[in-house]
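# Coordinate inspection notes
Listed below, chain by chain, are the residues.
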Amino acid sequence: TSSEPNSTESAVNEPNLTETEYQRAVENHDPASVVVHPELLTEQGELQKERIILRLGEVKLPNGADRDVGTGQIQPVDQQVIKQQTVDAQAPAVRHLNTVEGIDVKNRYTIINAISVVPEANTSLADLRSTPGVERIHPNYEYNVTTFATNATRNQANINSRRVNQSQVGADALPDQYA
């Protein structure tokens, strides 16, 4: 269950994932290929972060997707298509995470195709690595605005903080409307 708002919008439909589709996703996933950020692990290989980001594969722009020539922003109709593709791509991962005791799904990010989770103490790294579609696992980075803007105005401090957070999750090239 989630205590935070889901980043998917109400116009995006949850997919009706069949058992066959789920089993195919599980079979095609290689847990050994998942890259795990070293900050997540103690010297004994135990998880040490409270909030973790599971990054899934990149969702491609649909064929014929339109971008505004001046801003590079994706047109609204294509945004909905991309969000739906991401929700569909996340379905096997979310189904898996909901069956593993001790993992709480906190948020789903459609633009960067990621899922935020909070594992309990008994959650193993293998539980996270076995999540279908996951390619990378890293900490959820949080920063204090004052760290980056000691002599800036409040508005500039917010902009600097947002830029750092985006770059940490690999979203620094996104147009501002997605940030």
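Residues numbered from 1 in each chain as written. Predicted model: local features only at pLDDT ≥ 70, side-chain atom pairs only at ≥ 80, totals over all residues. Heavy atoms only, no water.

Summed over all chains, the structure comprises zero aromatic pairs. Positioned above the aromatic ring of Y22 is the side chain of R95, whose terminal nitrogen or guanidinium carbon lies 4.3 Å from the ring centre. (Phe/Tyr/Trp six-rings, centres within 6.5 Å; stacked < 30°, edge-to-face > 60°. Lys NZ or Arg CZ within 6 Å of the ring centre and 35° of its normal.)

Our focus in this paragraph is the sheet that holds strand 4 (residues 114-119). Judged by pairing direction, the sheet is mixed, and its five strands sit side by side in the order 1-5-2-4-3 without closing on themselves. Since the sheet does not close on itself, it has two edges, and those belong to strand 1 (35-36) and strand 3 (103-109), each with one partner. Across two bridges, the pairing between strand 1 and strand 5 (residues 134-139) is parallel. Paired with V36 across the two strands is I137, which belongs to strand 5. (Pairing = 2+ DSSP bridges. Helix = DSSP H or I, 4+ residues; strand = E, 2+ residues; numbered from the N terminus.)

What follows is about unusual backbone geometry. With a phi close to 55 degrees, N113 is a non-glycine residue in the positive phi region. Within the fold, N113 resides in the loop between strand 3 and strand 4. N113 sits in the buried class, given a relative accessible area of 2%. (Buried < 20%, exposed > 50% of the residue type's maximum accessible area, 1.4 Å probe, protein only.)

On to the nonpolar core, then. Judged by nonpolar contacts, the single largest core of 19 residues is most densely connected at I52, L54, L97, I115, V117, L128 and I137. Those elements giving two or more residues to this core turn out to be strand 2 (52-56), helix 2 (76-99), strand 3, strand 4, helix 3 (125-129) and strand 5. Contacts of I115, omitting those with residues within four sequence positions, involve I52, I53, L54, L56, Q90, A93, V94, L97, V105, N107 and R108. (Core = buried A, V, L, I, M, F, W, Y, C linked by side-chain atoms within 4.5 Å. Contact = heavy atoms within 4.5 Å.)

Summed over the entire model, instances satisfying the criterion amount to two salt bridges. Its salt-bridge partner being R95, residue E19 comes within 2.3 Å of it at the nearest N-O pair. Here E19, found in helix 1 (residues 19-28), pairs with R95, found in helix 2; they are 76 residues apart in sequence, far enough to count as distant. Overall, the relative accessible area of 41% leaves E19 in the partly exposed class. Exposure remark for R95: the relative accessible area of 27% places this residue in the partly exposed category. Here K106 ties to D104 by a salt bridge, and the two come within 3.0 Å at their closest N and O atoms. Overall, the relative accessible area of 13% leaves K106 in the buried class. Look at D104 and you get partly exposed, because its relative accessible area is 22%. (Salt bridge = Lys/Arg side-chain N within 4 Å of Asp/Glu carboxyl O.)

With five of seven residues buried, strand 3 lies mostly within the body of the structure. With six bridges connecting them, strand 3 and strand 4 associate as antiparallel partners. For Y109, the partnering residue across the bridge sits in strand 4 and is A114. Connecting the antiparallel pair strand 3 and strand 4 is a turn made up of four residues, with N113 showing a positive phi of about 55 degrees.

With that settled, the discussion passes to the confidence of the model for the chain. Predicted confidence across the chain gives a mean pLDDT of 74, with 61% of residues reaching 70 or more. Within the chain, strand 2 carries the highest mean pLDDT (94), whereas helix 5 (residues 154-168) carries the lowest (52). Here residues 1-10 scores under 50 on pLDDT; set against residues more than four positions off or in separate chains, the count is 21 contacts. Within the model, pLDDT remains below 50 along residues 172-179, and this stretch shows 15 contacts once partners closer than five positions in the same chain are excluded. (pLDDT = per-residue confidence, 0-100.)

With that out of the way, let us pick up the environment of A32. Its location among the elements puts A32 in the loop between helix 1 and strand 1. As for A32 and S130, which are separated by 98 residues in sequence, their C-alpha atoms are 8.5 Å apart.

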